[in-house]
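Okay, here's what each chain looks like letter by letter:
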Amino acid sequence: MTKSDLIERVAARVPHISKKDTELVVNTIFEGMTEALKGSKRIEIRGFGSFQVKIREAREGRNPKTGEEVQIPAKRTPFFKVGKELKERIDSERRASPPTAGAAAEGGTASDAG
Amino acid sequence: MTKADIVEMIYERVGFSKKESAELVETVFEVIKEALVEGEKVKFSGFGNFIVREKNARKGRNPQTGEEIQLAARRVLTFKPSLVLKNLLNDDMPAE
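Every value quoted in this text rests on a predicted model; they were computed, and no experiment measured them.

Q: Account for the packing of helix H1 (residues 3–13) of chain B against helix H2 (residues 18–37) of chain B, naming residues and giving values.
A: Residue and element names in this part refer to chain B. It is at 8 Å that the axes of H1 and H2 come closest, and there the two elements cross at 125°. Taken as axis vectors, H1 and H2 run oblique relative to one another. You can see that H1 and H2 cross each other, and the crossing is right-handed. Contacts between H1 and H2 involve Lys3, Ile6, Val7, Glu8, Ile10 and Tyr11 from the first element and Lys18, Ser21, Ala22, Val25, Glu26 and Phe29 from the second. Across the contact of H1 with H2, the residue classes break down as seven nonpolar, one polar and four charged.

Q: Kindly report on the domain arrangement of chain A, identifying the contributing residues and their values.
A: Residues and elements named next belong to chain A. Each assigned domain of chain A is listed with its residue range as follows: domain 1 (1–39) and domain 2 (41–96). On a C-alpha basis, the centres of domain 1 and domain 2 stand 24 Å from each other. With four residues of domain 1 at the contact, the number on the domain 2 side is five residues. Surface buried jointly by domain 1 and domain 2 totals about 480 Å² across both partners, of which 79% is contributed by carbon and sulfur atoms. It is Met33, Ala36 and Leu37 that lose the most area in domain 1 upon contact with domain 2, and together they represent 89% of the buried surface on that side. Summed over the shared surface of domain 1 and domain 2, the result is two residue pairs in polar contact (both at pLDDT 80 or more). When the residues that make up the side of domain 1 that touches domain 2 are grouped by side-chain class, the tally is three nonpolar, one polar and no charged.

Q: Lay out empty space enclosed by the protein in plain terms, naming residues and giving numbers.
A: Evaluation of the coordinates by the stated rule reveals one cavity of 30 Å³ or more. Volume-wise, the largest cavity comes out at about 40 Å³. Around the largest cavity, the lining residues are A:Ile29, A:Phe30, A:Met33, A:Phe48, B:Val28, B:Phe29, B:Ile32, B:Phe44 and B:Phe50. At the level of secondary structure, the elements contributing two or more residues to the lining of the largest cavity comprise helix H2 (19–38) of chain A together with H2 of chain B. Its residues placed into classes, the lining of the largest cavity shows nine nonpolar, no polar and no charged.

Q: Outline the packing of aromatic side chains, supporting the account with residue identities and numerical values.
A: Aromatic ring pairs are described here by two measures, namely the spacing of the ring centres and the angle between the planes. Summed over the entire model, instances satisfying the criterion amount to 14 aromatic pairs over all chains. Taking the centre distance of 5.2 Å and the plane angle of 85° together, the rings of A:Phe80 and B:Phe50 count as edge-to-face. Here the residue A:Phe80 occupies a position in strand S5 (residues 75–82), and B:Phe50 occupies one in strand S2 (residues 48–55), the pair thus bridging two chains. For A:Phe80, a relative accessible area of 17% translates into the label buried. Note on A:Phe80 and B:Phe79: the rings are 6.0 Å apart at their centroids and 65° apart in plane angle, and the pair reads as edge-to-face. Of the two residues, A:Phe80 sits in strand S5 while B:Phe79 sits in strand S5 (residues 74–81), which places them in two different chains.

Q: Tell me about the interface of chain B and chain A, residues and numbers included.
A: Each partner contributes residues to the interface: chain B has 53 residues there, and chain A has 53 residues. Buried surface at the junction of chain B and chain A, summed over both partners, amounts to about 5,100 Å²; 71% is from carbon and sulfur atoms. For the chain B face of the interface with chain A, the top three residues by lost area are B:Met1, B:Arg75 and B:Leu89, together amounting to 14%. The interface formed by chain B and chain A includes seven salt bridges. A salt bridge links B:Asp91 to A:Lys38, with the nearest nitrogen and oxygen atoms 3.1 Å apart. Where chain B touches chain A, the interface holds 16 residue pairs in polar contact (both at pLDDT 80 or more).

Q: Any chance you could break down the pattern of salt bridges for me, citing the residues and the numbers?
A: With the rule as written, the count across this model stands at 17 salt bridges over all chains. Its salt-bridge partner being B:Lys33, residue A:Glu85 comes within 3.9 Å of it at the nearest N-O pair. You can see A:Glu85 sitting in helix H3 (residues 84–96) and its partner B:Lys33 sitting in helix H2, one on each of two chains. Across the pair B:Glu30 and A:Arg89 runs a salt bridge whose closest N-O atoms are separated by 3.6 Å. A residue pair is termed interchain when its members come from two chains, as with B:Glu30 in helix H2 and A:Arg89 in helix H3. One connected set of salt bridges, linked through shared partners, spans A:Glu85, A:Arg89, B:Glu30 and B:Lys33.

Calculation notes
Residues numbered from 1 in each chain as written. Chains lettered and ligands numbered in written order. Predicted model: local features only at pLDDT ≥ 70, side-chain atom pairs only at ≥ 80, totals over all residues. Heavy atoms only, no water. Axes fitted to C-alpha atoms, helices over the stretch in contact; angles between N-to-C directions. Helix = DSSP H or I, 4+ residues; strand = E, 2+ residues; numbered from the N terminus. Parallel < 35°, antiparallel > 145°, perpendicular 65-115°, else oblique. Left-handed = near helix turned anticlockwise from the far one by under 90°. Contact = heavy atoms within 4.5 Å. Nonpolar A, V, L, I, M, F, W, Y, C, P; charged D, E, K, R; others polar. Domains from an automatic or database assignment. Buried area = accessible area lost by both parts, 1.4 Å probe. Polar contact = N/O pair within 3.5 Å; in protein donor to acceptor, adjacent residues only side chain to side chain. 1 Å grid on protein atoms, 1.4 Å probe; cavity = no way out; pocket = protein on both sides within 12 Å on 5 of 7 lines; lining within 4 Å. Points joined across faces, edges and corners; volume = space filled by probe spheres on them. Phe/Tyr/Trp six-rings, centres within 6.5 Å; stacked < 30°, edge-to-face > 60°. Buried < 20%, exposed > 50% of the residue type's maximum accessible area, 1.4 Å probe, protein only. Salt bridge = Lys/Arg side-chain N within 4 Å of Asp/Glu carboxyl O.

Printed below as a string of structure tokens:
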């Protein structure tokens, strides 16, 4: 699913709102989240997950082609942590599909098939 | 930033009522979640990709007791930020 697929699917569920407006809303959401991360602000979407900017320390690396030592500067990296509810929904979808060797090793407890 | 802040932003920038803004924001995240639960790849150019990965069962260890345990196969969600987003977060830092 791409951003344009997302716009299509959202638009189909809100028939009282034009597709153009839906597009504007989706783009504004991503703009807002990008701005928040740029300001190193944490984003928490209940039921989905959270985004946080962490700093990767400067370190020494090596150019794999030449073997030359290079200094890699510190940089900010966005991290995503999946929310509990979504994490469970994604994993239970696997359990709902035909069992694998791993599922059998899990033991007797029957999961509530979602 | 929380979902409420995003709703507020839609209300201010796009001009929908608070009720409509909340409905739209809720629908956007619900559609994304449903796609991921179905195992679909979600790719937002300029932001990043959300990909569901299958992890095989493996042996692990309880770090507190040292006891060996069997970790079941699972399905996990990963996020790979786009290069555009990563660069944007570092545009005040020296390049390379």
